[in-house]
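Residues per chain, in single letters:
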Amino acid sequence: MSSIITLQVLKAKYFRNETFLEVNLKLGCSYTWRSLIWGRELLAKCLLWTVGDGKSIRVFRDQWIPRPCTFKPITRDPGHDVRVADLIDRSRRGWNEEMMAHLLIPADREAILSIPVSWSGGQDCIRWFFDKSGEFMVKSGYNVALSKKTQVSVSNPSFQHKWWNSLWCLNLPPKVKVFIWRACLNALPSLVNLWKRKVVGVSRCDRCSCFSETISHALFECKVVRQIWKGTCFGLRDSVGWLAPPPGLLKLNIGTALRKASGSIGLGASIRGDKGRVLVARSKLLHGSLNGDIGQFMALRDGLMLAISYH
Ligand SMILES: [Zn+2]
């Protein structure tokens, strides 16, 4: 409650007719307000629009593509106002790929295709990119501020720029790219990093008890981790047998298949009865490097629509 009252007081005093992101710092303001405005720069750099109907988001000027650093298209701004709503095909409940091919380079199109389109539209809203909840957390803000500070001190900016761009264009789930990005900037909570900030008392790796746990030790060098890498076998999974639903009930199964080579994801849903017979099924192929979790949710949404239509 107290934070809401603080917000109301600050709003009444300093930004009655503007948003927090627009207001300018004026003379004679309080230390609290000046501190908030100081932190706003970092906040603004990592805010991302979540696409609803797309009417409030400017394609080339706003931050809306889940690709850290700029969150904007790499394609040059054509100079006229294009809204995200213009890229959405409402009748097909998806992206208008013809329009996108006309306006954007392939790397941008691929990044945009990984954003799910809301079927119901709704208002566009802003969220903090570095937390799943979308809310700003001091902990993640601190990590981002630290990584940006490290970024400033790099020796060859044009090489670094190319390197980061090629990382963001890789066909990988965004959370993997963010993890790589943070690892490269020494912004993961390894024991050495936590020890430097006096969060823990010792920095020795508790897996091997031999060396300090730096990020490279935790990910590659530790002998225990090397064993895990050796045993890695992608695609080997325990098979789980399908269980029929109880008599009189139906079962909805959903699935996704990522095709990394072609940059596409297949969504499938089927409804089966208690004898295991498939009563109805649906599948769909989408282009773009969709995050696996989002793909699962989209498959679930398709499956539920299938169940509603079958009912
Ligand atoms: Zn170790």
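Everything below is about the structure printed above this text.
Please read all numbers here as calculations on a predicted model, not as lab measurements. (Residues numbered from 1 in each chain as written. Predicted model: local features only at pLDDT ≥ 70, side-chain atom pairs only at ≥ 80, totals over all residues.)

## Details of the overall build of the protein
Logical step 1: Along its length, the protein carries 11 helices and 7 strands.
Logical step 2: When burial is assessed residue by residue, the protein has 16% of its 311 residues classed as buried. (Helix = DSSP H or I, 4+ residues; strand = E, 2+ residues; numbered from the N terminus. Buried ≥ 20, exposed ≤ 12 C-beta atoms within 10 Å, placed from the backbone.)

## Focus on the environment of Leu25
Logical step 1: By the secondary structure assignment, Leu25 is in the loop between α1 (2–14) and α2 (31–45).
Logical step 2: Counting along the chain gives 13 residues from Leu25 to Trp38, while the straight-line C-alpha distance between them is 9.5 Å.
Logical step 3: The residues touching Leu25, leaving out its near neighbours within four places in the chain, are Arg34 and Ile37. (Contact = placed C-beta atoms within 7 Å.)

## Some words on the nonpolar core
Logical step 1: If you look at the biggest cluster of nonpolar residues, it comprises 21 residues, and the most contacted ones within it are Val51, Trp64, Val84, Leu87, Trp95 and Ile112.
Logical step 2: At the level of elements, β1 (47–50) and α4 (106–113) are the ones that each hand at least two residues to this core.
Logical step 3: The biggest single contributor to this core is α4, with 3 residues.
Logical step 4: Contacts of Trp95, omitting those with residues within four sequence positions, involve Leu87, Ile88, Asp89, Met100, Ile112, Leu113 and Val117.
Logical step 5: Ranked by size, the runner-up nonpolar core spans 5 residues in total, among them Ile254, Leu267, Ala269 and Ala299. (Core = buried A, V, L, I, M, F, W, Y, C linked by C-beta atoms within 7 Å.)

## A closer look at the environment of Phe136
Logical step 1: One can find Phe136 in the loop between β4 (125–128) and α5 (138–152).
Logical step 2: For the pair formed by Phe136 and Cys46, sequence separation is 90 residues and the distance between their alpha carbons is 9.5 Å.
Logical step 3: Not counting residues within four places of it along the chain, the set of residues in contact with Phe136 comprises Leu43, Trp128 and Gly141.

## Quick notes on the sheet that holds strand β7 (residues 278–287)
Note on sheets: strands pair through backbone hydrogen bonds, and any given pair is parallel or antiparallel.
Logical step 1: The antiparallel open sheet is built from 3 strands, whose spatial order is β5-β6-β7. Every other strand in the sheet has two partners, leaving β5 (251–259) and β7 as the edge strands with one partner each. When strand polarity is set aside, the average angle formed by the axes of neighbouring strands in this sheet is 15°. (Pairing = 2+ DSSP bridges. Axes fitted to C-alpha atoms, helices over the stretch in contact; angles between N-to-C directions.)

## Comments concerning the environment of Ala187
Logical step 1: If you trace the backbone, Ala187 turns up in the loop between α7 (174–184) and α8 (191–196).
Logical step 2: Taking the number of C-beta atoms within 10 Å as the measure of exposure, Ala187 has 21 and is therefore buried.

## Regarding unusual backbone geometry
Logical step 1: Of note, the phi angle at Lys198 is positive, near 65°, even though the residue is not glycine.
Logical step 2: The topology assignment puts Lys198 in the loop between α8 and α9 (215–221).
Logical step 3: The exposure class of Lys198 is exposed, given the 7 C-beta atoms found within 10 Å.
Logical step 4: For Ser209, which is not glycine, the phi dihedral falls at a positive 55°.
Logical step 5: In this fold, Ser209 is placed in the loop between α8 and α9.

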